[in-house]
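Given next are the chains, with one letter for each unit.
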Amino acid sequence: ISNSLWNLNAKIIKNLNPNLSEQQLSDQLIKAAKEWQLVNNLKINYDSSIFGDELKYDTQDKLPEYDNILKNYFFSDPNLFREFVIKPQVYDTILRIKYNSDFIANDAAYKRAAALLIQLDNGKTFEKLAKSESDDKASGQLGGDLGFVTQGQILPELEQAVMNSTIGEVNRQIVISRFGYHIIYPVETGDKDGEKVWHIKQIFIQTSGYDNWLNSKLDGIFVWRIK
């Protein structure tokens, strides 16, 4: 990590949270650098459009706040926000999805999700299963209903799955996100103020163990500060 990048990152984060210690500042930057290297070490393929999708997800319906953050903390430079906020989030997301794609490491959660698909095939209703089984209790109590959303309002990886699903049918594939496994049901589409919207329901199964997995992978990666 170059000294100029280090100092710039410290200045931005100190502006965002003046209570952070120097050690906490360095830990954040080092972890981000290690995660970037781990993505490369694992040879994980990803589409570069993921950065734009993550930015849209972060700022959708929050453009005034985003503009203020850029002005007050990132010197009105969106490239700095992309470098110090979006990129670390994207690399963390890529690694989380990599971990969650290992169904052996996540055996219990994966079997729960697979069993729910079997119950749906056997005639159980989506809404009842969402209420009793979803780890997202807020939407679960509503039968898994996430309401109507536009592009950019849900996790990019879920949005991609919705776009590739048949409207009006439960997607029979377990969708992997940064948080776990999802069974999605794109109920219908509509139009709101000239913009397409999707009515979505989900059953969410949360995975665990990511932090231990990540720390074991990062232990062998070293970062130098180049002065």
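The preceding data block contains the structure.
Description of the structure in this document. Note that the structure is predicted; figures quoted are calculated from it, not measured.

Scoring rules and cut-offs
- Residues numbered from 1 in each chain as written.
- Predicted model: local features only at pLDDT ≥ 70, side-chain atom pairs only at ≥ 80, totals over all residues.
- Heavy atoms only, no water.
- Salt bridge = Lys/Arg side-chain N within 4 Å of Asp/Glu carboxyl O.
- Helix = DSSP H or I, 4+ residues; strand = E, 2+ residues; numbered from the N terminus.
- Buried < 20%, exposed > 50% of the residue type's maximum accessible area, 1.4 Å probe, protein only.
- Contact = heavy atoms within 4.5 Å.
- Polar contact = N/O pair within 3.5 Å; in protein donor to acceptor, adjacent residues only side chain to side chain.

## As for the pattern of salt bridges
A full pass over the atoms with the stated rule returns 8 salt bridges. Among the charged side chains, a network of salt bridges with common partners joins Glu54, Glu157 and Arg178.

## Quick notes on the environment of Trp198
Relative to the helices and strands, Trp198 is located in strand β4 (residues 195-206). Exposure remark for Trp198: the relative accessible area of 8% places this residue in the buried category. Residues Trp198 and Gly147, spaced 51 residues apart in sequence, show a C-alpha to C-alpha distance of 8.0 Å.

## Thoughts on unusual backbone geometry
With a phi close to 55°, Lys43 is a non-glycine residue in the positive phi region. Among the secondary structure elements, Lys43 is positioned in the loop between α2 (22-41) and α3 (49-59). Judged by its relative accessible area of 69%, Lys43 falls in the exposed class. In this structure, Asp193 takes a positive phi of about 55° despite not being glycine. Mapped onto the secondary structure, Asp193 falls in the loop between β3 (180-192) and β4.

## So, the side chain of Ser139
Of note, Ser139 is situated in helix α8 (residues 137-140). Ser139 has contacts with Gly144, Asp145, Leu146 and Gln202, leaving out every residue within four places of it along the chain.

## Some remarks on the side chain of Lys201
Looking at where Lys201 falls in the secondary structure, it is placed in strand β4. Separated by 2.9 Å, the side chains of Lys201 and Glu127 make a polar contact. Beyond its immediate sequence surroundings of up to four residues, Lys201 is in contact with Phe126, Glu127, Gly143, Gly144, Asp145, Leu146, Ile183, Ile184, Tyr185 and Val187.

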